[in-house]
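Topology and contacts: notes
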Amino acid sequence: MRKKNIVFFISIIISLLFLSCTEDNSYAPTHYDLKLQFEDKLGNDIIEGISTIVNKYEGQTSTMYQIEVSGSEYKLDVDQSGKTKDKLVVSKHLLMQIIDSKPCLAITTVAFIPPRNIPYQLTHKFVCPYIFGDEEEHIIVSNWRKTGPGSSICTGITVDGKNYSVIDTDKEGNTILLVTLD
C-alpha cells in the first residue's frame, strides 16, 4: 500500500511538472528595454510635463520610486517584425526615467520564445498626443543585438521612416536614443 502511495505521489508531481511547462513560460525570457528621449527641432525636451503617477515601493533596505506615464496619455502595442508572431509581453506601464537630468521614456518588452526565434527587430505602434501633437499612430521600429542570455540592446530605431542612433547608455548598460521631432 505504501509503495502505491509513493508511486501515485511521484506520478502527480511529474504530471504537474509537465503541465506547468506551457509554450508561454517554457523558455527563458529575453528583455528589450527601449529608452527614448524626445526633443523638438530647437532642442527643447518634449517629455517634461507629461501626466505621470509616482509609485512608491518600500524595500527592506531602501525606498524606490517609479514614475509611470498616465495611461490616458498613450496607446502602445509591440509586435515582432518579419517573423511569425510569437508571444511578446509588453509592460503594462510606460515609465519615465530621469537620466542625466533629462526625462526618458522606457518601454519594456519581454519575449518568451525559443532562442532560435529571438526577434532582432520590434515594431512599436505608439499613439501619444502629448509628444507627437496628434492622435495618429506612429511607428517605431527598433533594431536589437543580443548581448547575453536573456538580454539585448537597441542599436538604432526608425520613427515614421526617419532613422535615429544611440546617443548614450544608462548605468545598467541600456542604450538611450534621442528622437528629434519637427
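Residues numbered from 1 in each chain as written. Predicted model: local features only at pLDDT ≥ 70, side-chain atom pairs only at ≥ 80, totals over all residues. Heavy atoms only, no water.

Regarding the pattern of salt bridges
Summed over the entire model, instances satisfying the criterion amount to three salt bridges. A salt bridge links K102 to E39, with the nearest nitrogen and oxygen atoms 2.5 Å apart. In this pair, K102 is assigned in strand 7 (residues 102–111) and E39 in strand 1 (residues 30–40), connecting sequence segments 63 residues apart. (Salt bridge = Lys/Arg side-chain N within 4 Å of Asp/Glu carboxyl O. Helix = DSSP H or I, 4+ residues; strand = E, 2+ residues; numbered from the N terminus.)

Description of the packing of aromatic side chains
Tallied over the full model, the rule gives three aromatic pairs. Between F38 and F132, the aromatic rings sit 5.8 Å apart at their centres with planes inclined by 80 degrees, giving edge-to-face as the arrangement. Of this pair, F38 sits in strand 1 while F132 is found in helix 2 (residues 129–132), placing the two residues 94 residues apart along the sequence. Both residues of the pair, F38 and F132, belong to the buried class. Under the relative-accessibility criterion, F132 is labelled buried at 14%. An aromatic cluster of at least three residues, connected via ring pairs, comprises F38, F126 and F132. (Phe/Tyr/Trp six-rings, centres within 6.5 Å; stacked < 30°, edge-to-face > 60°. Buried < 20%, exposed > 50% of the residue type's maximum accessible area, 1.4 Å probe, protein only.)

Focus on unusual backbone geometry
Residues other than glycine seldom take positive phi values, yet D100 does so here, at roughly 50 degrees. With respect to the secondary-structure elements, D100 resides in the loop between strand 6 (95–99) and strand 7. A relative accessible area of 59% places D100 in the exposed class. Positive phi is not limited to glycine here, since D160 has a value of about 50 degrees. The topology assignment puts D160 in the loop between strand 10 (151–159) and strand 11 (162–164).

Comments concerning the nonpolar core
One recurring pattern in soluble globular proteins: nonpolar side chains tend to sit buried together. Core analysis: the biggest nonpolar cluster contains 32 residues, and L34, L36, F38, F126, I131 and I157 have the highest contact counts within it. Secondary structure elements with two or more residues in this core: strand 1, strand 7, strand 8 (121–127), helix 2, strand 9 (138–148), strand 10 and strand 13 (175–181). In contact with F126, other than residues within four places in its own chain, are Y74, K75, L76, L94, L105, I131, F132, E136, E137, H138 and I140. (Core = buried A, V, L, I, M, F, W, Y, C linked by side-chain atoms within 4.5 Å. Contact = heavy atoms within 4.5 Å.)

Re the pairing of strand 9
Sheet analysis places strand 8 next to strand 9, joined by six bridges and oriented antiparallel. Looking across to strand 9, one finds that F126 is bridged to H138. With eight bridges joining them, strand 9 and strand 10 adopt antiparallel strand pairing. Across the sheet, the residue bridging to K146 is S152, located in strand 10. The antiparallel pairing of strand 9 with strand 10 creates a hairpin that spans two residues between the two strands, and G150 there sits at a positive phi of about 80 degrees. (Pairing = 2+ DSSP bridges.)

Some details on the environment of R145
Take R145: it is sitting in strand 9. Along the primary structure R145 and G156 are separated by 11 residues, whereas in three dimensions their C-alpha atoms are 9.9 Å apart. Residues within four places of R145 in sequence aside, it is in contact with S152, I153 and T155.

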